[in-house]
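Topology and contacts: notes
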Amino acid sequence: MARKKANPAKKEAAVKRTEAPAAAAVEEKSVEVQTVPAAEAKKPKTKAAASTESAPAAQEKKTGAKETTPAESVPAAEAKKPVSKRAPAIKKTDPTQEETAPAAEKKEIVAKKTAATEKKVTSAPEEAAPAEREAVSVVEETIPVVEEAAPVYEISNLPRRSVAFIGSECHPFVKTGGLGDVMYALPRELVRLNCDVRVILPRYACIPQEYQDKMIYRGEFYMDMGLTNRNYYVGIMEYVWDGVVYDFIDNQEFFSAGNPYLNLVDDIPRYCFFSKAALAALNYMNWIPDIIHCHDWQAGLVPVYLRTLFKDTPVGRARSILTIHNLRFQGIYNIPTIQYWSGLPNEVFNMGALQQDWVNANMLKGGLAYADRITTVSGTYAHEIQTAEYGERLEDHLRYHSGKLRGIVNGIDYGMWNPETDPALAVNYGLGNVLDHKMENKLALQRELGLEQDEGKFVIGLISRLTNQKGLDLVSAIIAQVLDGNTQVVVLGTGDKQYEDTFRYYENTYRGTFSACIQYDEARAHRIYAGADALLVPSRFEPCGLTQLNAMHYGTIPIVRETGGLKDTVEPYNEYTGDGNGFTFDRYEAGLLLDAINRAKTLYFTNRYHWDEVVQRDMAKDVSWENSARQYKNLYLELTPW
Ligand code: ADP
């Protein structure tokens, strides 16, 4: 029975129990210990290999490209005020313009139709998607064409599946990047597709108190771990929210730091513990999902445990999916250390599974070998990671497993990202009034950041982790040319000191036109998406990228490098046809980035009518989770075809 974990004294007791002698612990909860196969406990004990080596993979290389191809800058005279603030009408009757119809409108049309026809639901939602899209491009008289689209909203007619998400971060509890967004949004969307979803996360001490207070004590047990010869406390704290159950794995020995990621010396044991405890918790709760959906290297050992130590336990019947959100991070450490903490049998430490080279094991690599399916967060990235350039030394392994690999692009949560209701914005706006109200948000942003308040200035935003992945060396190489008197740049991010200091330097040098917000601030991120005209994402590689999607949804035009999900989600603007929804460049060169920025500026300053059309097209583009969640659901059904 669930009971509230009300007082801190209990918390303290939990810590103490963690340190209790193994025998006593086993006595206290002997039933739960059975969740770990007995064979494991009998493993020959090798010498502990607690290493003090420094974290190798955590350090990203830093480069400093200095290419500064001169590009045409926009002359001051051209920096005209908007030619027209009126919203150009979107042609809903033109079938070639189907993308321009707002998502909400799409739903309305389908809903209207459902009521009018009261047709019996017959087709799967996956089949309904094209028909639904067709509905947008036709006028009301042609409505019968889309009669089959209605099933999307008939949840009870969809096959039901249970899914356990296992990952290391989830908005709003803890988030450092896109993974946190996906772990929040995808389960909620899956609930709407008739999935029963549990999200299993570490109970980090840094989770805000307001959420800690809402958690309910769900149970506890003790679990042995690898060759440590100890039993570890596993508490389960639960929070149910909007149809999704969140189970937090509690152990203060592992999760009391103020940050989810520390360094590999600490992270390897904590995520070995977490992966095993998550499966043991499912057994303990007697909640056996059809699918276990794991995310990134922190949950990389889950598919390995599932097919080894947990194979003969109830959870062993679940099928597993491993999603790669960023291949750069793999959880690599020397073999004895990973063996020591994980307790995995010798046979998984071979070159086909966990073994990376003569000395190291790779937790993600093992997961990829044992998972039933592998996904990554865009189609292009799924191809790229099979090449030496993007494969991070796993390209051969991924090519070998390419038969079970596929790309499903991320979406954004329209509840969390909605300019019409966003409480962080100075002024809310929608597709109908974006051109007027975006200006007000721009002025408010300039005021907030101490920039010169001038609605005629072209404001470029950059919201990012400040790491080598994000193309910041390109940005820093061209700042002087970008700041031509008509342009302002706003950077929001934290990360490598080198980049933080570079942007601080630019803020100091270009006061009033360059703003460096070296911080993590959700609300400010929302205001930048709303107030900027364009958003830069010049990444060296980008598995999916969410900032360009957020930007488009807020009517801010993305300027991106054609890689990974950026390539899949941003169609380059074509000055001859007027098509496209952003500005792009291909090779990783500063000159090409500058060229893309200048193309954007030229359109902004010389043809505002067409610029505004792109703004509206971006806002109308469907970047929600709906379509992607359906693809995940299909994948679940493919693995569980009963
Ligand atoms: P990654 O996962 O590689 O960090 P993504 O583009 O997939 O990059 O996701 C980044 C997410 O984190 C976006 O939702 C973005 O708005 C948010 N974000 C990044 N940096 C900050 C910051 N400094 N403050 C607030 N939000 C941020």
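Scroll up a little and you will see the structure.
Attention in this report is confined to the structure presented alongside it. (Residues numbered from 1 in each chain as written. Predicted model: local features only at pLDDT ≥ 70, side-chain atom pairs only at ≥ 80, totals over all residues. Heavy atoms only, no water.)

**Here we look at the overall build of the protein**
Each helix and strand in the protein was counted, giving 24 helices and 17 strands. Taking contacts inside the protein between residues at least 6 apart in sequence as the whole, the part at least 24 apart equals 75%. Accessible area for the protein stands at about 25100 Å²; split by element, carbon and sulfur atoms hold 51% of it. (Helix = DSSP H or I, 4+ residues; strand = E, 2+ residues; numbered from the N terminus. Contact = heavy atoms within 4.5 Å. Areas by Shrake-Rupley, 256 points an atom, 1.4 Å probe, with all protein chains shown as cover.)

**Looking at the packing of aromatic side chains**
For the structure shown, the criterion picks out 38 aromatic pairs. Ring geometry for phenylalanine 255 against phenylalanine 274: centres 6.5 Å apart, planes inclined by 85°, an arrangement best described as edge-to-face. Placement of the pair is phenylalanine 255 in helix H9 (residues 252-255) and phenylalanine 274 in helix H10 (residues 264-285), with a sequence separation of 19 residues. Take phenylalanine 255 and phenylalanine 274: they sit in the same class, and that class is buried. Through a chain of ring-to-ring contacts, three or more aromatic side chains come together here, namely Tyr204, Tyr232, Phe254, Phe255, Tyr261, Tyr271, Phe273, Phe274 and Trp297. (Phe/Tyr/Trp six-rings, centres within 6.5 Å; stacked < 30°, edge-to-face > 60°. Buried < 20%, exposed > 50% of the residue type's maximum accessible area, 1.4 Å probe, protein only.)

**Some words on the nonpolar core**
Phe273, Leu279, Ile292, Phe503 and Trp611 are the most contacted members of the largest nonpolar core, which totals 178 residues. The element that contributes the greatest number of residues to this core is H10, accounting for 13 residues. The residues contacting tryptophan 611, other than those within four sequence positions of it, are Phe458, Asp533, Ala534, Ile557, Phe583, Ala600, Leu603 and Tyr604. (Core = buried A, V, L, I, M, F, W, Y, C linked by side-chain atoms within 4.5 Å.)

**Focus on the sheet that holds strand S6 (residues 291-295)**
An order of S3-S4-S5-S2-S1-S6-S7-S10-S11 is seen for the nine strands of this open sheet, with the pairing classed as mixed. Only two strands of the sheet have a single neighbouring strand rather than two, namely strand S3 (216-224) and strand S11 (405-407). Taken over all neighbouring pairs, the strand axes of this sheet differ in orientation by 25° on average, direction set aside. Judged from the three bridges that link them, strand S10 (residues 373-376) and S11 form a sheet pairing that is parallel. Bridge pairing links threonine 376 to glycine 407 in S11. Its contacts with the sheet put helix H7 (residues 178-192) on strand S1 (161-166), strand S2 (195-202), strand S4 (231-241), strand S5 (244-250) and S6, and the angle it makes with S2 is roughly 160°. (Pairing = 2+ DSSP bridges. Axes fitted to C-alpha atoms, helices over the stretch in contact; angles between N-to-C directions.)

**Describing the site of the ligand**
Close to the ligand lie 21 residues, the nearest being Gly178, Asp181, Arg465, Lys470 and Tyr529. A distance of 2.6 Å is found between an oxygen atom of the ligand and a backbone nitrogen or oxygen belonging to glycine 178. A distance of 3.5 Å separates an oxygen atom of the ligand from a polar atom in the backbone of threonine 547. Burial of the ligand by the protein amounts to 93% of the accessible area it has alone, namely 560 Å². Of all the elements in the fold, those that place two or more residues in the shell around the ligand are H7, helix H19 (522-531) and helix H20 (547-553). A class-by-class count of the residues in the shell around the ligand yields seven nonpolar, eight polar and six charged. (Near = heavy atom within 4 Å. Polar contact = N/O pair within 3.5 Å; in protein donor to acceptor, adjacent residues only side chain to side chain. Nonpolar A, V, L, I, M, F, W, Y, C, P; charged D, E, K, R; others polar.)

**Digging into the pattern of salt bridges**
If you walk through the whole model with that rule in mind, you get 30 salt bridges. Salt-bridge contacts for glutamate 238 lead to arginine 198; the nearest nitrogen and oxygen are separated by 3.1 Å. Of this pair, glutamate 238 sits in strand S4 while arginine 198 is found in strand S2, placing the two residues 40 residues apart along the sequence. Across the pair, exposure class does not vary: glutamate 238 and arginine 198 are buried alike. (Salt bridge = Lys/Arg side-chain N within 4 Å of Asp/Glu carboxyl O.)

**Concerning helix H16 (residues 434-449)**
If you check H16, its first and last C-alpha atoms are 22 Å apart, about what 16 residues at 1.5 Å a residue would give, namely 22 Å. Taken together, the buried residues of H16 touch strand S12 (458-463), strand S13 (487-492), strand S14 (514-517), H19, helix H22 (590-606) and helix H23 (608-620). Glycine 450 sits one or two positions beyond H16 and adopts a positive phi of about 75°. (Expected span 1.5 Å × (residues − 1).)

**With respect to the environment of threonine 387**
Considering the arrangement of structural elements, one finds threonine 387 in the loop between helix H14 (379-384) and helix H15 (395-400). Considering only alpha carbons, one finds threonine 387 and arginine 399, 12 residues apart in sequence, at a separation of 8.4 Å. Within polar-contact distance, the side chain of threonine 387 engages the backbone oxygen of glutamate 384 at 2.6 Å.

**Here we look at the side chain of serine 168**
Position of serine 168 among the secondary structure elements: in the loop between S1 and H7. Polar contacts involving the side chain of serine 168 include one to the side chain of tyrosine 261, which spans 2.7 Å. Those residues in contact with serine 168 that lie beyond four places of it in its chain are Val174, Leu179, Leu201, Pro202, Tyr204, Tyr261, Tyr271 and Gln298.

**Section: unusual backbone geometry**
A cis geometry characterises the amide bond from histidine 171 onward to proline 172, with omega recorded as 0°. Of note, proline 172 is situated in the loop between S1 and H7. Phi is positive for arginine 393, which is not a glycine, with a value near 70°.

**A few points about the environment of phenylalanine 254**
Here phenylalanine 254 lies in helix H9. Phenylalanine 254 sits in the buried class, given a relative accessible area of 9%. Phenylalanine 254 sits 16 residues away from arginine 270 along the chain, and the two C-alpha atoms are 5.5 Å apart. In contact with phenylalanine 254, other than residues within four places in its own chain, are Met225, Tyr232, Pro269, Arg270, Phe273 and Trp341.

Geometry only, nothing functional implied.
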